[in-house]
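Results of the structural survey
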Amino acid sequence: MTYTPSPTAPYLRILPDVYVVGSGTPGFGLSHDCDCHVYLIDGGDEIAIIDAGSGIKSEAVFDHIHNMLPYIQKVNYVFLTHGHADHAGGAVDFQSNYGSTIFLSAEESRLLAIGDEEALGLTMAKELGHYPRDYTLRKCSVDVEVNGGDTFTVGRYELRAIKTPGHSKGSISYLLTGHPKRVLFAGDVLFPGGLINLLNHPSSDLADYRTYTENLRGLDVDALLPGHRMFCLSQGQKHIDRCLHKLTTLAIPRLTCFFM
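The paragraphs below set out a description of the structure included in this document. (Residues numbered from 1 in each chain as written. Predicted model: local features only at pLDDT ≥ 70, side-chain atom pairs only at ≥ 80, totals over all residues. Heavy atoms only, no water.)

**As for the sheet that holds strand S3 (residues 38-42)**
Rules: Two strands form a pair only when DSSP identifies at least two bridges running between them. Here a strand is any run of E in DSSP of at least two residues, a helix any run of H or I of at least four, and the numbering for each starts at the N terminus. Only C-alpha atoms enter the line fits that serve as axes; for helices the fit covers just the stretch in contact. Angles between N-to-C directions range over 0 to 180 degrees. Contacts are assigned to residue pairs that have any heavy atoms within 4.5 Å of one another.
Reading across the sheet, the seven strands line up as S1-S2-S3-S4-S5-S6-S7 and stay open at both edges, with mixed pairing between neighbours. Pairing within the sheet leaves two strands with one partner each, and these edge strands are strand S1 (12-15) and strand S7 (144-146). Each strand axis lies, on average, 25 degrees off the axis of its neighbour in the sheet, ignoring direction. Sitting on the sheet, helix H1 (residues 59-68) is in contact with strand S2 (18-22), S3 and strand S4 (47-50), with an inclination near 145 degrees to S2.

And the structure:
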């Protein structure tokens, strides 16, 4: 899909101060096909992005941001749930256009900084046709290496980093607090219905899923906002608990697969 910038580009307000400003396939077709959901948190005096998309035609995402909040001069923070190209490829565009501070797990920050397409699964994904053959993951220096338990302020809100490897070795989920709803940005770790995204790649591991998804137990999540497809805005913890139940029995949660 070729995106033509438009002064009336749409966006989705899904919760107070939480918007979808980018989304490809499978998703809402707001930006390039290869983009994950790109979420924006309006903290009042600070703006944060959760995941940056692929970096193919990032101006589409920027159009949505400025149509939604025309007064925005700066996107302060970009929190990457993991380093796969559909989530992290656009980080350098936010860095160069807005001077955004980039956050990524300690396990994957070096891989993005050197553009290691093999370790981040992009080489295989391009061979399978998930990305254009000429697509290149652009290097991006990471400003803050995130560890589980870290907390970050975004204006009137707070994000808590939760270590959730499984989909990738450095996957981090972010819990938004101080909001009327408890919101979990889950990246590609877990989806409504209790689905997981286990890839046929060395960095994706079912044993990690069994160990680290336990970190999502008891969070009382309302809104579960994953990196692709549909999200849920209430009773999100029920979907998480369904996944946890499967992971603690002999059953495996029904698998799904998106871009890497």
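Okay, back to it.
**Digging into the environment of Gly-129**
As a reminder, the rule being used: With a 1.4 Å probe rolled over the protein chains alone, any residue whose accessible area is under 20% of its type maximum counts as buried; one over 50% counts as exposed, and the rest are partly exposed.
With respect to the helices and strands, Gly-129 occurs in the loop between helix H5 (122-127) and S7. Of the residues examined, Gly-129 reaches a relative accessible area of 58% and is grouped as exposed. Each C-alpha atom of the pair Gly-129 and Tyr-39 lies 26 Å from the other, and the pair is 90 residues apart in sequence.

**A word on the sheet that holds strand S8 (residues 151-154)**
With mixed pairing, the five strands of this open sheet are ordered in space as S8-S9-S10-S11-S14. Both edges of this open sheet fall to S8 and strand S14 (223-226), since each of them pairs with a single strand only. Within this sheet the neighbouring strands show an average axis-to-axis angle of 25 degrees, counted without direction. Two strands pair when backbone bridges link them, and S8 and strand S9 (residues 157-163) are joined in this way by four bridges, in the antiparallel orientation. Within S9, the position partnered with Thr-153 by the bridge is Glu-158.

**Side note on the pairing of S8**
Here S8 shows a clear split, with Phe-152 and Val-154 buried on one side and none of Thr-151 and Thr-153 buried on the other. As consecutive antiparallel partners, S8 and S9 are separated by two residues, and within that stretch Gly-155 has a phi angle of approximately 60 degrees, a positive value.

**A look at the packing of aromatic side chains**
Stated formally: Planes of paired rings set the category: under 30 degrees apart is stacked, over 60 is edge-to-face and the rest tilted, where pairs are Phe, Tyr or Trp rings (Trp by its six-membered ring) whose centres lie within 6.5 Å.
What the rule picks out here adds up to twelve aromatic pairs. Look at Phe-28 and Phe-231: their rings are 5.7 Å apart centre to centre, the planes differ by 55 degrees, and that puts the pair in the tilted class. In this pair, Phe-28 sits in the loop between S2 and S3 while Phe-231 sits in the loop between S14 and helix H7 (236-247), placing the two residues 203 residues apart along the sequence. Relative accessible area serves as the criterion here: at 13%, Phe-231 is assigned to the buried category. Aromatic pair Phe-62 and Tyr-98: ring centres 5.2 Å apart, planes at 85 degrees, arrangement edge-to-face. Residue Phe-62 is located in helix H1, and its partner Tyr-98 is located in helix H3 (residues 91-98); the two are separated by 36 residues in the primary sequence. Here Phe-62 matches Tyr-98 in class, with each residue buried. An aromatic cluster is present here, built from Tyr-77, Phe-79, Phe-103, Phe-152 and Tyr-174 joined pairwise through their rings.

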